[in-house]
Amino acid sequence: MIVTFPHMGPLYVTMKSLLSTLGLTVMAPPPISKKTVETGARYAPETACLPLKVTLGNYIEALDAGADTIVTCGGVGPCRLGYYAQVQQEILKELGYKFTMVAIEPDVFKVFKAIRQLAPQSGVTSVYRAFTLAGAKMSALDMLGDVLREVRATEQFTGTADVVYQEAVAEIEAASDPRDLPDIRDIYEERLLKVAKNGQVPLQIGLVGEIYVMLEAFVNQDLEQRLGRMGAHVHRTMSLTDYVRTHLLRNKSYVAKHHEIATAAAPYLGHGVGGHGLRSIGATVGMAKQGYDGIMHVFPFTCMPEVIAKNILHQTSNDHGIPVLSLAFDEQSAEAGVVTRLEAFIDLLNYRRNL
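Because the structure is a prediction, the values reported are computed rather than measured.

Parameters at a glance
Residues numbered from 1 in each chain as written. Predicted model: local features only at pLDDT ≥ 70, side-chain atom pairs only at ≥ 80, totals over all residues. Heavy atoms only, no water. Helix = DSSP H or I, 4+ residues; strand = E, 2+ residues; numbered from the N terminus. Buried < 20%, exposed > 50% of the residue type's maximum accessible area, 1.4 Å probe, protein only. Contact = heavy atoms within 4.5 Å. Areas by Shrake-Rupley, 256 points an atom, 1.4 Å probe, with all protein chains shown as cover. Lys, Arg positive; Asp, Glu negative; His and termini not counted. Charge placed at Lys NZ, Arg CZ, Asp CG, Glu CD. Pairing = 2+ DSSP bridges. Axes fitted to C-alpha atoms, helices over the stretch in contact; angles between N-to-C directions. Core = buried A, V, L, I, M, F, W, Y, C linked by side-chain atoms within 4.5 Å. Salt bridge = Lys/Arg side-chain N within 4 Å of Asp/Glu carboxyl O. Disulfide = S-S within 2.5 Å. Patch = residues over 30% accessible without salt bridge, like charges linked within 9 Å, V, L, I, M, F, W, Y side chains within 5 Å.

## So, the overall build of the protein chain
And then number 1: Within the protein chain, the secondary structure is distributed over 15 helices and 8 strands.
And then number 2: Reported as C-alpha extents along the three principal axes, the dimensions of the protein chain are approximately 65 × 45 × 40 Å.
And then number 3: Within the protein chain, the proportion of its 355 residues that are buried is 50%.
And then number 4: In the protein chain, of all internal contacts separated by at least 6 residues, the share reaching a separation of at least 24 is 73%.
And then number 5: A total of about 16500 Å² of accessible surface is found on the protein chain, and carbon and sulfur atoms cover 54% of it.
And then number 6: Looking at the protein chain, you have 33 positive and 37 negative side-chain charges, and the mean spots of the two groups are 4 Å apart.

Here is the structure:
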């Protein structure tokens, strides 16, 4: 059995750690490229959203390289994510691939059931240790990512913080003991905070929207890095840690934060619409009250929850006096168009700050 999975930002580090610690042979797909996107788009339904197309491309590239088992996620609610696994499985079978697909639903008991399907020889203790190590890596990466986005906005020499962060990713990926992760995290956090600063006061921009586009840099065309180098501290409102601890582990503090965001959204949207649409609105309201300069809203073209959120965000922006830029991404999104809109948005925020 050779197991693969889709890319989504730093997810590959967590998934590789989890599966390999369980004794499985793991083959991560090649990094997402233009070829990946084109391959997935060629075989996916035309109106499917971009994550389905890109992850399908991941699977095809991994299967071509020798993988025979795919681990993916399931979903519930109005978002079409819940159909991805079945649709992609049928497409791949029609293309002639022989494989097993294991869809992990967002329920802790179903997760353990899926893991036992993949690694039936693993006992409860082994599974617990694998999850502990993978979770520690996920948390360390997300915490250092927060620091990276803060430092990137004020670094004196462009790219310095990114080099330090990539060194951290390599060391976190190589770690085999969860007890080592806090020290690794602290060492690299200190290194990031020591990066030489340019003395500028950065803009504060909140990033809301659909999690896949938010986390996957190739898909969002390095949005966070571009904004950071334009002098903006990007506050990402969602991470893998947030998602796992809120929806899978049901951690009390994370669930309480989710309810707080839903309460903030209530005047505009009183119920979930699938995906992260409700969160996009509630987080925007919260950040407007905290004095953020602007909000960046990203999502895949045709994403139903975020299209709903986009139309509501116009009113939210007017009521709270905060600019919101919505960017929809698909396989046709051009770099020049994205950069032009980002530059115009940054100019607007700087103008408003200097009034």
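## Digging into the sheet that holds strand E6 (residues 232-236)
And then number 1: Overall, parallel pairing links the 4 strands, which are arranged E6-E5-E7-E8 in an open sheet. Sheet topology places E6 and strand E8 (324-329) at the edges, where each strand pairs with a single neighbour. The sheet shows a mean angle of 25° between the axes of neighbouring strands, taken without regard to direction.
And then number 2: Of the strands in this sheet, strand E5 (203-209), strand E7 (294-300) and E8 touch helix H13 (residues 277-289), which is tilted by about 165° from E5.
And then number 3: Contacting E5, E6, E7 and E8, helix H15 (residues 335-353) crosses the sheet at an angle of about 170° to E8.

## Structural notes on the nonpolar core
And then number 1: Membership of the largest hydrophobic core comes to 51 residues, with the highest contact counts inside it found for Ile-205, Leu-223, Leu-227, Met-296, Val-298, Leu-327 and Leu-342.
And then number 2: With residues up to four places along the chain from it excluded, the contact list for Leu-223 reads Leu-207, Met-296, Val-298, Leu-327 and Leu-342.
And then number 3: One finds Leu-148, Tyr-165, Ala-168 and Leu-181 within the second-largest nonpolar core, a separate group that totals 21 residues.

## Details of the pattern of salt bridges
And then number 1: By the definition in use, this model includes 14 salt bridges.
And then number 2: A salt bridge links Asp-186 to Arg-185, with the shortest nitrogen-to-oxygen separation between them at 3.3 Å.
And then number 3: Overall, the relative accessible area of 36% leaves Asp-186 in the partly exposed class.
And then number 4: Among the ionic pairs, Lys-194 bridges to Glu-190, the shortest N-O distance being 3.1 Å.
And then number 5: Accessibility expressed as a relative area gives 63% for Lys-194, which makes it exposed.
And then number 6: Salt bridges here are not isolated pairs; linked through shared partners, they connect Asp-146, Arg-149, Glu-224 and Arg-236.

## Structural notes on unusual backbone geometry
And then number 1: With a phi close to 55°, Asp-222 is a non-glycine residue in the positive phi region.
And then number 2: Given a relative accessible area of 35%, Asp-222 falls into the partly exposed group.
And then number 3: Within the chain, Arg-250 stands out as a residue other than glycine whose phi angle is a positive 55°.

## Topic: the sheet that holds strand E4 (residues 100-104)
And then number 1: Strand order in this open sheet of 4 strands is E2-E1-E3-E4, and the pairing throughout is parallel. In the strand order of this sheet, the two ends are held by strand E2 (25-26) and E4, each with one partner.
And then number 2: Here 2 bridges tie strand E1 (residues 2-4) to strand E3 (residues 69-73), and the two strands are oriented parallel to one another. Looking across to E3, one finds that Thr-4 is bridged to Ile-70.
And then number 3: Sheet strands touched by helix H4 (residues 81-94): E3 and E4. Its angle to E4, the strand with the most contacts, is close to 180°.

## Some words on the pairing of E6
And then number 1: Counting buried residues in E6 gives 4 out of 5 residues, a clear majority hidden from the surface.
And then number 2: With 5 bridges joining them, E5 and E6 adopt parallel strand pairing. The partner of Leu-207 across the bridge, within E6, is Arg-236.

## Some points on the environment of Leu-227
And then number 1: Counting through the fold element by element, Leu-227 comes out in helix H10 (residues 223-229).
And then number 2: Using a relative accessible area of 0% as the deciding quantity, one classes Leu-227 as buried.
And then number 3: For the pair Leu-227 and Arg-129, spaced 98 residues apart in sequence, the C-alpha to C-alpha distance is 38 Å.

## Focus: the state of the cysteines
And then number 1: Tallied over the entire structure, the rule returns 0 disulfides.
And then number 2: Cysteine Cys-49 shares no disulfide, and the gap to the nearest cysteine sulfur, in Cys-303, comes to 6.2 Å.
And then number 3: For Cys-49, a relative accessible area of 8% gives the class buried.
And then number 4: Here Cys-303 stays unpaired: no disulfide links it, and the sulfur of Cys-79, its closest cysteine neighbor, is 5.8 Å away.

## Description of a nonpolar patch on the surface
And then number 1: A surface patch of nonpolar side chains, about 370 Å² in accessible area, is lined by Leu-348, Tyr-351 and Leu-355.
And then number 2: Position of Leu-348 among the secondary structure elements: in helix H15.

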